[in-house]
Amino acid sequence: MKKTILLILFFLSLNMFAQNKKEFRNDLQKKIDHYLKETIEINEIPGASVAVIKNGKIIYQRYYGKGSIEENTIVDRNSIFRLYSTTKLITAVAIFQLIEKNKISLEDKISNYLSDLPKEWQDVKIKNLVTHSSGLPDIVKFEDIPYSLDENEKWIRLYKKPIEFKIGDHYSYNQTNYCLLTKIIEKITGSSFEDFVLQNQFPNVKKGVVFSANSSEFILGRVNHYVFDFKKKRYERFNADHGKIHNSGSGLNLTLQEFINWNERLDTNKLLNQETKNLMW
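Residues numbered from 1 in each chain as written. Predicted model: local features only at pLDDT ≥ 70, side-chain atom pairs only at ≥ 80, totals over all residues. Heavy atoms only, no water.

Draft legend 1. Region of the structure containing the overall build of the protein. From N to C terminus, the protein includes nine helices and eight strands. Radius of gyration (C-alpha) of the protein: 24 Å, far over the 19 Å computed for a compact globule of 281 residues. Looking at the protein as a whole, 41% of its 281 residues qualify as buried. The contacts of the protein with a sequence gap of at least 6 include a subset with a gap of at least 24, amounting to 68%. Carbon and sulfur atoms form 53% of the exposed surface of the protein, whose accessible area is close to 17000 Å². Here the protein carries 41 positive and 34 negative side-chain charges, and the mean point of each set is 7 Å from the other. (Helix = DSSP H or I, 4+ residues; strand = E, 2+ residues; numbered from the N terminus. Rg over C-alpha atoms; globule rule 2.2 N^0.38 Å. Buried < 20%, exposed > 50% of the residue type's maximum accessible area, 1.4 Å probe, protein only. Contact = heavy atoms within 4.5 Å. Areas by Shrake-Rupley, 256 points an atom, 1.4 Å probe, with all protein chains shown as cover. Lys, Arg positive; Asp, Glu negative; His and termini not counted. Charge placed at Lys NZ, Arg CZ, Asp CG, Glu CD.)

Below, the structure written as structure tokens:
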């Protein structure tokens, strides 16, 4: 009889724990949802897709608003968002995949892989590119180097610009660094930057992942990028083409689900082993 009572109490405790856990999860989801809806409303955000992951578990995933104001399409699980500078995470992983395979080292000088560099650039190392401590002139900061300029001409003009600071002296966020990482990855692998990343970080993915730094290019399912015009008091579509050279810094487009899948592969050491990840962090 005592055993029966103890077993009943044990199962009741388990059931109550499960219910409390479920109620806590539901309450947390409601709080997240309320916060996001309030943020979207206050900031007049056209559309968003959001996931919250804790200890490898998705505790929240939801889609909001419109993918296109003009066409009145909604954001859903098939919506493709351009990551812009979050693309640099993926590029950094590509570099560390090459490090893990002993194809490259953080201490390598970029002049080992790239020819015709200015004298002042010769001692810049791979680690200076990934940590934005190179001191190189930033390719997006010069009026005479517009996005529309031919890529070879961009480099010719950039090579003539002054160094910002002594190599490794301090940190300054810089698009040139990741443009150079593209060239180095292609030099080492003999593959295009885009193909190398897709093959090594998005294996077997048939759709929902594409490289394009051109906001005006039509990509099926991609949400539009809008900028708010304060004079007209309305959103205007952003159509700038940053060019292929910026694919490694801001050109990856993907669905929320494919980003979640990528994150899981990184967390479970399928993209990099733990030792390499520790080095990267």
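Further notes follow.
Draft legend 2. Quick look at the packing of aromatic side chains. Counted by the stated rule, this structure contains seven aromatic pairs. Ring centres 5.0 Å apart and planes at 75 degrees place the aromatic pair F228 and F230 in the edge-to-face group. Judged by relative accessible area, which is 26%, F228 ranks as partly exposed. Ring pairs connect the aromatic residues Y226, F228, F230 and Y235, which therefore count as one cluster. Sitting over the ring of Y84, R82 keeps its end group 3.9 Å from the ring centre. The side chain of K88 reaches across the aromatic face of Y178, ending 5.7 Å from its centre. (Phe/Tyr/Trp six-rings, centres within 6.5 Å; stacked < 30°, edge-to-face > 60°. Lys NZ or Arg CZ within 6 Å of the ring centre and 35° of its normal.)

Draft legend 3. Representation of the side chain of K154 within the structure. Checked against the element boundaries, K154 lands in helix α4 (residues 151–158). E151 provides the closest opposite charge to the buried, unpaired K154, separated from it by 6.9 Å. If we skip the residues at most four places from it in the chain, K154 touches I139, I145, P146, Y147, L149, H242 and I245. (Salt bridge = Lys/Arg side-chain N within 4 Å of Asp/Glu carboxyl O.)

Draft legend 4. Structural view of the nonpolar core. Formed by 46 residues in total, the largest nonpolar core has its most connected members in I95, I110, L129, L180 and I184. Looking at this core, the elements that each hand over two or more residues are α2 (87–100), α3 (126–130), α4, α5 (175–189), α6 (193–201), β5 (209–211), β8 (252–255) and α8 (256–267). Broken down by element, the residue count for this core peaks at eight residues, all from α2. I40, A48, Y60 and Y64 belong to the second-largest nonpolar core, a separate cluster that totals eight residues. (Core = buried A, V, L, I, M, F, W, Y, C linked by side-chain atoms within 4.5 Å.)

Draft legend 5. Examining the environment of K277 more closely. The residue K277 is located in helix α9 (residues 274–280) in this model. For the pair K277 and I184, spaced 93 residues apart in the sequence, the C-alpha separation amounts to 20 Å. Dropping the residues within four chain positions of it, K277 is found in contact with L266, D267, N269 and L272.

Draft legend 6. Seen up close, the sheet that holds β8. With antiparallel pairing, the three strands of this open sheet are ordered in space as β4-β8-β5. Looking at strand neighbours, the two that pair on one side only are β4 (80–82) and β5, the edges of this open sheet. Direction aside, neighbouring strands of the sheet carry axes that sit 20 degrees apart on average. Contacts from α8 reach β5 and β8 within the one sheet, and its direction differs from that of β8 by about 100 degrees. (Pairing = 2+ DSSP bridges. Axes fitted to C-alpha atoms, helices over the stretch in contact; angles between N-to-C directions.)

Draft legend 7. Up close: the packing of α2 against α8. Following both chains from N to C, one finds α2 and α8 inclined at 35 degrees, their axes separated by 13 Å at the closest point. By crossing handedness, the relation of α2 to α8 is classed as left-handed. For the pair α2 and α8, the contacting residues are L89, I90 and V93 in the first and F259, W262 and L266 in the second. For the contact of α2 with α8, the per-class residue count stands at six nonpolar, no polar and no charged. (Left-handed = near helix turned anticlockwise from the far one by under 90°. Nonpolar A, V, L, I, M, F, W, Y, C, P; charged D, E, K, R; others polar.)

Draft legend 8. Quick peek at the confidence of the model for the protein. For the protein, per-residue confidence averages 92 on the pLDDT scale, and 93% of positions sit at 70 or higher. Model confidence for the protein, summarised as mean pLDDT per element, is weakest for helix α1 (residues 2–43) at 77 and strongest for α2 at 98. (pLDDT = per-residue confidence, 0-100.)

Draft legend 9. Here's a closer look at α5. Under the 1.5 Å per step criterion, the end-to-end length of α5 is 22 Å for 15 residues, consistent within 8% with the ideal 21 Å. Of all the residues in α5, the buried ones are Q175, T176, N177, Y178, C179, L180, L181, T182, I184 and I185. If you follow the buried residues of α5, they end up packed against α2, α3, α4, α6 and α7 (247–250). The distance from a side-chain oxygen at the start of α5 to the backbone nitrogen of T176 is 2.7 Å, and the residue carrying that oxygen is N174. (Expected span 1.5 Å × (residues − 1). Polar contact = N/O pair within 3.5 Å; in protein donor to acceptor, adjacent residues only side chain to side chain.)

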